[in-house]
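Residues per chain, in single letters:
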Amino acid sequence: MTLKVAVAGATGYAGGELLRLLLAHPDVKIGALTAASSAGTPLGSLQPHLAPLADRVVAETSADTLGGHDVVFLALPHGHSGAIAEQLGPDVLVVDLGADHRLRDAADWQHWYGGDYAGTWPYGLPELPGARERLRGTRRVAVPGCFPTGGSLALAPAVAAGLVTTDVTIVSVTGASGAGKSLKPHLLGSEVMGNASAYGVAGAHRHTPEFVQNLSAVAGRKITVSFTPVLAPMPRGILTTASAPLAGAPGEVRKVYEAAYADEPFVTVLPEGQWPTTAATVGSNTVQLQVSVDEQAGRLVVVAAIDNLTKGTAGGAVQSMNIALGLDETAGLPATGVAP
Ligand SMILES: NC(=O)C1=CN([C@@H]2O[C@H](COP(=O)(O)OP(=O)(O)OC[C@H]3O[C@@H](n4cnc5c(N)ncnc54)[C@H](OP(=O)(O)O)[C@@H]3O)[C@@H](O)[C@H]2O)C=CC1
Ligand SMILES: CC(=O)N[C@@H](CCC(=O)OP(=O)(O)O)C(=O)O
C-alpha cells in the first residue's frame, strides 16, 4: 500500500523533521507541501537538508491543496488546525502536531490558549496506558506537546503502579528549536548562546494542563504538577527531571519501570548508573530513561531524554499514523541517533 501524504507547515521545524522521516517511510509518497508566507518558494531554499524535495514548490495551505490525500499532517501554529481539519473528509487521516485537539476540557483550552475550542482527538502518545487502543483505526490524532511526551512517559509507570500519588515536580531543559522558526527576540543567537533561562515558571506554561491530564488519567484521580521549562543553548533535545514523593517500596521501582517498557520499541530504561543525555537521542524516535530513589528525601527521581523534533513531535506523529492505519508501528522511524 502506498499512502499519499500532505504536510501543512512544511517549511517549519516540525514540518521539516516530519518530511525527513516520511522520505524514509516505505509506505509513503509525499504529496502537497504547504505553508503561508513561504508559498511559491522552492522547498530547497528553506529546508536544504531535504535534498530529494528541493525542487518542490510550497503551496498555500487550504482545503483545496490538502484535498485528495490519504493522510494530512498539520504542523501549523496553534489555533489553525481546527478550521482546516473540518474541511477534510472523515476518511482522511488528519494528524495535528499543534495543540488544538490535545486538551479534553474546553475550559482548560479557553484558559491556556483562548479562541474557539476545536474538540479533542485521540492522543498520539502510544506508550501511555490505553492509548494504542484509541489510536487504532482513528482518522484524527492529536500529537502531544514536546514537554508532555518525555515528562508523561517518565512518570506514567510509577503513577499507574501507585508509587506516585501527588506533588509532582517536572523540570525540563530544552533546545531552542522547540519554539519554532519564527523570529522571537529571546531566541536570537546572542540571547541563547552561553545562557540558560527558565520561563513559564510557577504553573504558567501551557503544557501544565497536558501533564495533569495525562497523569490524572493514568492515576484515575487528580495529580497536581509543578512544571518549569529551561531554555538551553542547544538546537534540539529535551532533558526532563521528574520527581515526586515515593508512595511504595524503593525496591519495587526499577521492576515497575522495566516491566512497563519491556516491549516498547522506542523507550529504553537504561542500565543502573547510566544517565540519559539529549545527545544520545538526536534524530531518533527514542525516549531514554533512568529511574532512581532519593532515599534521604523520600522521592522518586526519573530523568528522561528525547529529541523534541523527533519523538517530541514528528516521530510521535508518524508512529501514531502507523498505528492508526495498521502499519508496522516502527516503519520509517529511526531507533538510533547520531554521535557525537
Ligand atoms: N518545534 C517543536 O519542537 C514542536 C512543535 N510542535 C508544534 O508543531 C507546530 C509547528 O511548529 P514549528 O514547526 O516549531 O513552527 P515553525 O514556526 O517552525 O513553522 C510554522 C509553519 O507553519 C506555517 N504557517 C504559519 N502560519 C500559517 C498559517 N496561518 N497558515 C498556514 N501555515 C502557516 C509556516 O509557514 P511559513 O514558512 O510560510 O511561515 C511554517 O511552515 C506548532 O503547533 C508547534 O506547537 C509540537 C511539538 C514540538
Ligand atoms: C523552547 C520553546 O519555546 N519551546 C516551546 C515548546 C513548544 C512545543 O514544542 O510544543 P507545542 O506544540 O505545544 O508548541 C515552548 O515552551 O512553548
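Look a little higher up for the structure.
In this convention, every chain numbers its residues from 1, walking through the sequence in written order. As they are written, the chains are lettered A onward and the ligands numbered 1 onward, keeping that order. Local features in a predicted model are, by the rule used here, given only for residues with pLDDT of at least 70; side-chain atom pairs are given and counted only at 80 or more, and totals for whole chains, interfaces and linings are based on all residues.

This paragraph deals with the site of ligand 2. What makes a residue near a molecule or strand is its C-beta atom, placed from the backbone, lying within 6 Å of it. The local shell around ligand 2 consists of G98, A99, G145, C146, T174, A176, G178, A179, P229, L231 and N308. Considered class by class, the residues forming the shell around ligand 2 number 6 nonpolar, 5 polar and no charged. Here the nonpolar group is Ala, Val, Leu, Ile, Met, Phe, Trp, Tyr, Cys and Pro; Asp, Glu, Lys and Arg are the charged ones; every other residue, Gly included, is treated as polar.

Let us look at the pairing of strand 13 (residues 299–306). When you tally the buried positions in strand 13, you get 6 out of 8 residues, the bulk of the element. Two strands pair when backbone bridges link them, and strand 10 (residues 238–245) and strand 13 are joined in this way by 8 bridges, in the antiparallel orientation. What sits directly across from P245, in strand 13, is R299. Here a strand pair is declared whenever DSSP counts at least two bridges between the two strands. In this text, helices come from DSSP runs of H or I with a minimum length of four residues, and strands from runs of E with a minimum of two, each type numbered from the N-terminal end. Both strand 12 (residues 287–294) and strand 13 contribute to a ladder of 7 bridges, which runs antiparallel. Each residue of the ladder has a partner; that of D294, found in strand 13, is R299. Hairpin remark: strand 12 followed by strand 13, antiparallel, with 4 residues in the connecting loop; positive phi at G298, about 70°. Counting other C-beta atoms within 10 Å of its own, a residue is labelled buried from 20 upward, exposed at 12 or fewer, and partly exposed in the gap between, with every C-beta atom placed from the backbone.

All right, on to the sheet that holds strand 9 (residues 225–231) then. Pairing is mixed in the open sheet, where 7 strands are placed in the order 8-9-7-10-13-12-11. The open sheet has two free edges, formed respectively by strand 8 (197–198) and strand 11 (267–269), since each of these has just one partner strand. Here strand 11 runs beside strand 12; their pairing, made up of 3 bridges, is parallel. Looking at the pairing, T268 lines up with Q288 of strand 12. Contact criterion: two residues are in contact if their C-beta atoms, reconstructed from the backbone, are within 7 Å. Note on geometry: axes are lines fitted to C-alpha atoms, helical ones only across the stretch in contact, with angles between N-to-C directions running from 0 to 180 degrees. Contacts between helix 6 (residues 146–160) and the sheet are confined to strand 7 (168–174), strand 9, strand 10, strand 11, strand 12 and strand 13, with strand 10 contributing the most and set at about 35° to the helix.

Everything listed is a geometric property; what it means functionally is a separate question.
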